Amino acid sequence: MILQQLLVLYIFIFLGWLLGRIKPEIIGGSKVLSFLLVNLFLPSKVFSTFSQSFTVTYLKENYTTFFISLGILVSLSLLAIPLSAMLTKETYKKKVYRYSFVITNYGYMGYALIESFFGKSALANMITFCIPFAIYTYTVGYMLLTGEGKIVKKLFNTMTVSIVLGCVFGLVGIPIPSVFVTVLSTASACTGPLSMLLTGLVIASFKPKELLPDGGTLAFVGLRLIALPALVFGVCKLLSLVFTLPAAVYPFAVIVASMPCGLNTVVFPRLVGEDCRMGARMILYSHIFSMATIPLWMMILI
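Quick caveat: nothing in here was measured; it's all calculated off a predicted structure.

Peer 1: Explanation requested: the overall build of the chain in the structure shown.
Peer 2: The secondary structure content of the chain amounts to 16 helices and zero strands. Taken over C-alpha atoms, the radius of gyration comes to 18 Å for the chain, in line with the 19 Å a tight globule of 302 residues would show. Dimensions along the principal axes, computed over C-alpha positions, put the chain at roughly 55 × 45 × 45 Å. Relative to its full complement of 302 residues, the chain shows a buried share of 51%. Long-range contacts, defined as pairs at least 24 residues apart, comprise 84% of the intrachain contacts of the chain with a sequence gap of at least 6. Put simply, the chain shows about 13600 Å² of open surface, and 72% of that area lies on carbon and sulfur atoms. Once the 21 positive and 9 negative side-chain charges of the chain are each reduced to a mean point, those two points are 2 Å apart.

Structure representation (structure tokens):
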């Protein structure tokens, strides 16, 4: 089952790449697709999930999730500093590696995979665990990849707003008219296919020779897909010996860590004219090798 779900997502990536190579002029439209995903489709999925699942009972059972997630986030951020220094001496490349050791493609690929395989309740758990990672992405992560430091301003974005509003609607039990429920569910269903098409278009925007792997890229992929998920897995097992982990922590912490590199290593640097080829290589090869590693992690976790 997991292989089938993965195959569906990767077929959409291939179709995005193929369309981008056949019709290069449509690659420019990837900015529109990215805008819709970030500001409409993914927020709709997040809001819809939280408004249905984030109840008082759920909060009581999972309130410690935020602190555990924050602890893992800080640990990965600190570990990413020496790991990045091992892979390159160039300042900007270190920043790209630092970001990518912490943030994976949990939003586009991870959410779609978990919802299709485990259902909406599991998706709520994964989104809950990822709240600190989402904040990091649009603050520290954005600063690392662009050099711009307007962290407070970046806190107010469609993702954080959709999380807060979804929590409020869920906790208070505010009813949502059926027509808007349909709109939200329809928009949510677009997230998986469109995000994978966008991944393919991003890869297609680079010439094949620009995507040839180097030693740093391959070393990063090994650390990103094998070593770091194993580390998070070990931490979760140790914590489980001390107390019962909330449902939103395990196995979702490991699943988040096992996802391939996210698209922001290309999307954010493009905003300020930085060289995106390194990010594109990381996206390409981490997604290719994750076809083997994700099923292995799922077999361990399930």
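Here the narrative resumes.
Peer 1: Can you walk me through the packing of aromatic side chains in this structure?
Peer 2: Aromatic ring pairs: the centre-centre distance and the angle between the two ring planes describe each pair. Applying the stated criterion across every chain, the model contains 15 aromatic pairs. Note on Phe54 and Tyr58: the rings are 5.8 Å apart at their centroids and 55° apart in plane angle, and the pair reads as tilted. The same class applies to Phe54 and to Tyr58, which are both buried. Feature note: the residues Phe50, Phe54 and Tyr58 constitute an aromatic cluster, connected by ring pairs.

Peer 1: Can you walk me through the side chain of Thr104 in this structure?
Peer 2: If you trace the backbone, Thr104 turns up in the loop between helix H5 (91-102) and helix H6 (106-118). Thr104 gets classed as buried once you look at its relative accessible area, which sits at 5%. Non-local contacts of Thr104, meaning those with residues more than four positions away in its chain, are made with Arg224, Val256, Ala257, Met259, Pro260 and Gly262.

Peer 1: Explanation requested: helix H11 (residues 178-189) in the structure shown.
Peer 2: Helical geometry: 3.6 residues make up each α-helical turn, so side chains three or four residues apart lie on a common side. With twelve residues, H11 ought to run about 16 Å at 1.5 Å a step, and its terminal C-alpha atoms sit 16 Å apart, in line with that. On its buried face, H11 is in contact with helix H2 (30-53) and helix H12 (191-204).

Peer 1: Just to check I follow, could you spell out the pattern of salt bridges for this structure?
Peer 2: Scanning the model with the defined rule gives four salt bridges in all. Across the pair Glu90 and Lys93 runs a salt bridge whose closest N-O atoms are separated by 3.6 Å. For Glu90, a relative accessible area of 46% translates into the label partly exposed. The exposure class of Lys93 is partly exposed, given its relative accessible area of 25%. Through salt bridges with shared partners, a single network forms among Lys45, Glu115 and Lys120.

Peer 1: Is there a simple way to think about the packing of H2 against helix H10 (residues 158-172) in this case?
Peer 2: Any two packed helices are characterised by the angle at which their axes cross and by the distance between the axes. The geometry of H2 relative to H10 is characterised by a closest axis approach of 8 Å and an angle of 20° between their N-to-C directions. As summarised for this structure, H2 and H10 are arranged roughly parallel, according to the angle between their axes. The two elements H2 and H10 meet at a crossing, and its hand is right-handed. Of the residues in H10, those in contact with Val38, Asn39, Leu42, Pro43, Val46, Phe47, Phe50 and Ser51 of H2 are Thr158, Met159, Ser162, Ile163, Leu165, Gly166, Cys167, Phe169 and Gly170. Residue composition of the contact of H2 with H10, grouped by class: eleven nonpolar, six polar and no charged.

Peer 1: Explain the side chain of Ser290 here, please?
Peer 2: In this fold, Ser290 is placed in helix H16 (residues 277-301). A distance of 2.2 Å separates polar atoms of two side chains, one belonging to Ser290 and the other to Tyr10. Apart from the residues within four sequence positions on either side, Ser290 is in contact with Tyr10, Met109, Leu225, Pro260 and Pro295.

Peer 1: Help me out: how do you make sense of the packing of H11 against H12 in this one?
Peer 2: Put simply, H11 and H12 touch, their axes get as near as 5 Å, and they point 30° apart. In terms of orientation, H11 lies roughly parallel with respect to H12. Here Ala187, Ser188 and Ala189 of H11 come into contact with H12, specifically with Thr191, Gly192 and Pro193. Classifying every residue of the contact of H11 with H12 gives three nonpolar, three polar and no charged.

Peer 1: Please explain the nonpolar core as it appears in this structure.
Peer 2: Most often, soluble globular proteins have nonpolar side chains that are buried together. Counting residues in each nonpolar core, the largest one holds 91 residues, and the members touching the most others are Tyr106, Tyr111, Met126 and Phe133. Those residues in contact with Met126 that sit more than four places away from it in its chain are Tyr106, Gly110, Tyr111, Ile114, Phe252, Ile255 and Val256.

Peer 1: Would you mind going over the environment of Phe66 with me for this structure?
Peer 2: Mapping Phe66 onto the fold places it in helix H4 (residues 65-87). The contact partners of Phe66, leaving out residues within four places of it in the chain, are Ile131 and Pro132.

Conventions used here
- Residues numbered from 1 in each chain as written.
- Predicted model: local features only at pLDDT ≥ 70, side-chain atom pairs only at ≥ 80, totals over all residues.
- Heavy atoms only, no water.
- Helix = DSSP H or I, 4+ residues; strand = E, 2+ residues; numbered from the N terminus.
- Rg over C-alpha atoms; globule rule 2.2 N^0.38 Å.
- Buried < 20%, exposed > 50% of the residue type's maximum accessible area, 1.4 Å probe, protein only.
- Contact = heavy atoms within 4.5 Å.
- Areas by Shrake-Rupley, 256 points an atom, 1.4 Å probe, with all protein chains shown as cover.
- Lys, Arg positive; Asp, Glu negative; His and termini not counted.
- Charge placed at Lys NZ, Arg CZ, Asp CG, Glu CD.
- Phe/Tyr/Trp six-rings, centres within 6.5 Å; stacked < 30°, edge-to-face > 60°.
- Expected span 1.5 Å × (residues − 1).
- Salt bridge = Lys/Arg side-chain N within 4 Å of Asp/Glu carboxyl O.
- Axes fitted to C-alpha atoms, helices over the stretch in contact; angles between N-to-C directions.
- Parallel < 35°, antiparallel > 145°, perpendicular 65-115°, else oblique.
- Left-handed = near helix turned anticlockwise from the far one by under 90°.
- Nonpolar A, V, L, I, M, F, W, Y, C, P; charged D, E, K, R; others polar.
- Polar contact = N/O pair within 3.5 Å; in protein donor to acceptor, adjacent residues only side chain to side chain.
- Core = buried A, V, L, I, M, F, W, Y, C linked by side-chain atoms within 4.5 Å.

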